[in-house]
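# Observations on the three-dimensional arrangement
These are the residues of each chain, in order.
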Amino acid sequence: MTESLAGKVAIVTGGGGGIGRETARVLAEKGARVVVADLSEEAGRETLEVMGAGDDAIFVRANVADLDSMTALVRTTVDRFGSLDIAHNNAGIEFSGPDLADVTVEQFNKIITVNLTGVFISMKVEIPQMLAQGGGSIINTASSLGQAAIAHQSAYVTSKHGVIGLTRAAAVEYSDRGVRVNAILPGVIQTPMIDALEETHPGFKDALLAKHPIGRLGAPRDIAEAVAWLGSDAASFATGALFNIDGGYLAI
Ligand SMILES: NC(=O)c1ccc[n+]([C@@H]2O[C@H](COP(=O)([O-])OP(=O)(O)OC[C@H]3O[C@@H](n4cnc5c(N)ncnc54)[C@H](O)[C@@H]3O)[C@@H](O)[C@H]2O)c1
């Protein structure tokens, strides 16, 4: 897709990770100015290096689970680049636990706080800015596991189902005021998150590969291109929708 994002300003949370880094790079490649936001300063700064976008990209350390931190992120974005047109709410953490009844409340809450409350907080601070300037596009990273479950992922599955609910709720409330809100549901994408799961659960990747009719796992670019389209004016009628970019995962 070649839709230009010239003149647009984007935030990518989790911009130091596999999907976020590639999204930040592709958005910049298509002409957007990009704020890379991540809890990890090292990973975020590495993304800036990979992007090579010069003054058109900055890194801001931010914690999606912290309202003050996210408020400051939006303020810095607007101070620096003048608007906030695209928000890719993408930061997330993995979970691989025991059977549900053996998951501790602390384990469960940790995942919900980042993966679900984090998306709520992100939209809570992004939407007022978008309304004030006349519109914007929000793209939340959910997961195939926002519509289906696999064993030993109860907290993660719950968090991603919740992201879909939040996406729809926000779209219903704000679409007529110019803020489009959509969710992307990636299948398994080759990123550090998946490498970490493979390390603790050898064979994880191969087992999941079998669930992708297309015969391969995804690449971060598969997701980045979809985010770029949803962020562009070409997607002006798309809102409240779920985009499965999953090699057919949810088709079987
Ligand atoms: N990789 C996959 O197969 C896959 C599949 C479906 C959905 N997803 C989702 O895509 C998103 C990105 O995943 P990824 O594979 O790139 O993971 P990743 O681990 O490579 O990157 C995640 C990034 O988020 C950052 N982060 C973690 N907690 C944060 C917080 N509280 N505030 C700000 N940043 C924080 C991390 O530092 C990291 O840089 C996640 O929401 C994940 O659940 C991934």
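Residues numbered from 1 in each chain as written. Predicted model: local features only at pLDDT ≥ 70, side-chain atom pairs only at ≥ 80, totals over all residues. Heavy atoms only, no water.

A separate point is the sheet that holds strand E1 (residues 9-13). Spatial ordering of the open sheet is given by E3-E2-E1-E4-E5-E6-E7, a layout of 7 strands whose pairing is parallel. Since the sheet does not close on itself, it has two edges, and those belong to strand E3 (57-61) and strand E7 (242-245), each with one partner. The sheet shows a mean angle of 20 degrees between the axes of neighbouring strands, taken without regard to direction. The sheet contact formed by strand E5 (residues 136-141) and strand E6 (residues 179-186) spans 6 bridges and is parallel. Residue pairing for E6: Gly136 is matched across the bridge by Val179. Here helix H5 (residues 154-174) sits on the sheet in contact with E5, E6 and E7, set at roughly 160 degrees to E6. (Pairing = 2+ DSSP bridges. Helix = DSSP H or I, 4+ residues; strand = E, 2+ residues; numbered from the N terminus. Axes fitted to C-alpha atoms, helices over the stretch in contact; angles between N-to-C directions. Contact = heavy atoms within 4.5 Å.)

Glancing now at the packing of aromatic side chains. Taken as a whole, this structure holds 1 aromatic pair when the rule is applied. Ring geometry for Trp229 versus Phe243: centroids 6.0 Å apart, planes at 70 degrees, classification edge-to-face. In this pair, Trp229 is assigned in helix H8 (residues 220-231) and Phe243 in strand E7, connecting sequence segments 14 residues apart. (Phe/Tyr/Trp six-rings, centres within 6.5 Å; stacked < 30°, edge-to-face > 60°.)

With that out of the way, let us pick up the pattern of salt bridges. Scanning the model with the defined rule gives 10 salt bridges in all. One salt bridge in this structure joins Arg21 and Glu46, with 3.4 Å as the shortest N-O distance. Linking Arg21 in helix H1 (residues 18-29) with Glu46 in helix H2 (residues 41-51), this pair joins segments that are 25 residues apart in sequence. Across the salt bridge formed by Arg45 and Glu41, the nearest N and O atoms sit 2.9 Å from each other. Here Arg45 pairs with Glu41, and both are found in helix H2, just 4 residues apart, close to one helical turn. (Salt bridge = Lys/Arg side-chain N within 4 Å of Asp/Glu carboxyl O.)

Read these as geometric descriptors, not functional statements.
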